[in-house]
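# What the coordinates show
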Amino acid sequence: MHVIHEVLGNLSDTAIEGLEIDVLEIEWFESTKRIQRKVTRNGQEFGIKFLKEGQRLRDGDIVFRDMSRVVLIHIKPCDAIVIKPTSMLEMGTVCYEIGNKHMPLFIENDEVLMPYENPMFRWLEASGYNPEKQYRQLLNILKSNVE
């Protein structure tokens, strides 16, 4: 078993041509877990042990590399609530209301996303926000705490 202590780069800015690619799939909520044990698609076991508080795994992160292969992080899609605010006022209001319920928020382009929960979906519908249920990757969590 290999132990991952740091991210070595990201697929978006690191050349990996000619290397075998293996994928370590995680759920969106596992991207911030400091200690976990996972198995790649090819069956290789990895331990994840981050030393820095607040460090997060991102889709496409390279967590292992040797002369012949790399292991990339893939954040699995899941059922999500998607809201497309029609104005900045609606964007601010919906984010405030969801934040008041201590739910994680994700921002993707001009959309607000969150993990699907039926009671929240019904509440957003009743409040007139026109939510949609979609199968999406939750990638850009809105960081709302003060450091």
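Here, every reference points to the structure presented above.
Described below are features of the structure shown in this document.

Cut-off values and rules
Residues numbered from 1 in each chain as written. Predicted model: local features only at pLDDT ≥ 70, side-chain atom pairs only at ≥ 80, totals over all residues. Heavy atoms only, no water. Pairing = 2+ DSSP bridges. Helix = DSSP H or I, 4+ residues; strand = E, 2+ residues; numbered from the N terminus. Phe/Tyr/Trp six-rings, centres within 6.5 Å; stacked < 30°, edge-to-face > 60°. Buried < 20%, exposed > 50% of the residue type's maximum accessible area, 1.4 Å probe, protein only. Lys NZ or Arg CZ within 6 Å of the ring centre and 35° of its normal.

## Considering the pairing of strand E5 (residues 45–49)
Here strand E1 (residues 2–4) pairs with E5 via 3 bridges, running parallel. Paired with Ile4 across the two strands is Ile48, which belongs to E5. Following strand E4 (residues 35–39), the chain reverses through 5 residues before pairing antiparallel with E5; Gly43 in that reversal takes a positive phi of roughly 90°.

## As for the packing of aromatic side chains
The final tally for this structure, using the stated rule, is 5 aromatic pairs. Centre to centre, the rings of Phe46 and Phe64 are 5.6 Å apart; their planes meet at 65°, and the pair counts as edge-to-face. Of this pair, Phe46 sits in strand E5 while Phe64 sits in strand E6 (residues 61–65), and the two are 18 residues apart along the sequence. Accessibility assignment for this pair places Phe46 and Phe64 in one class, buried. Between the aromatic rings of Tyr116 and Phe121, the centroid separation amounts to 5.6 Å while the plane-to-plane angle is 45°, which identifies the pairing as tilted. On the basis of relative accessible area, Tyr116 is assigned to the partly exposed category, the value being 24%. Three or more aromatic residues link up through ring pairs in this structure, and these residues are Trp28, Phe29 and Phe106. Sitting over the face of the ring of Trp123, Lys101 holds its NZ or CZ atom 4.3 Å from the ring centroid.

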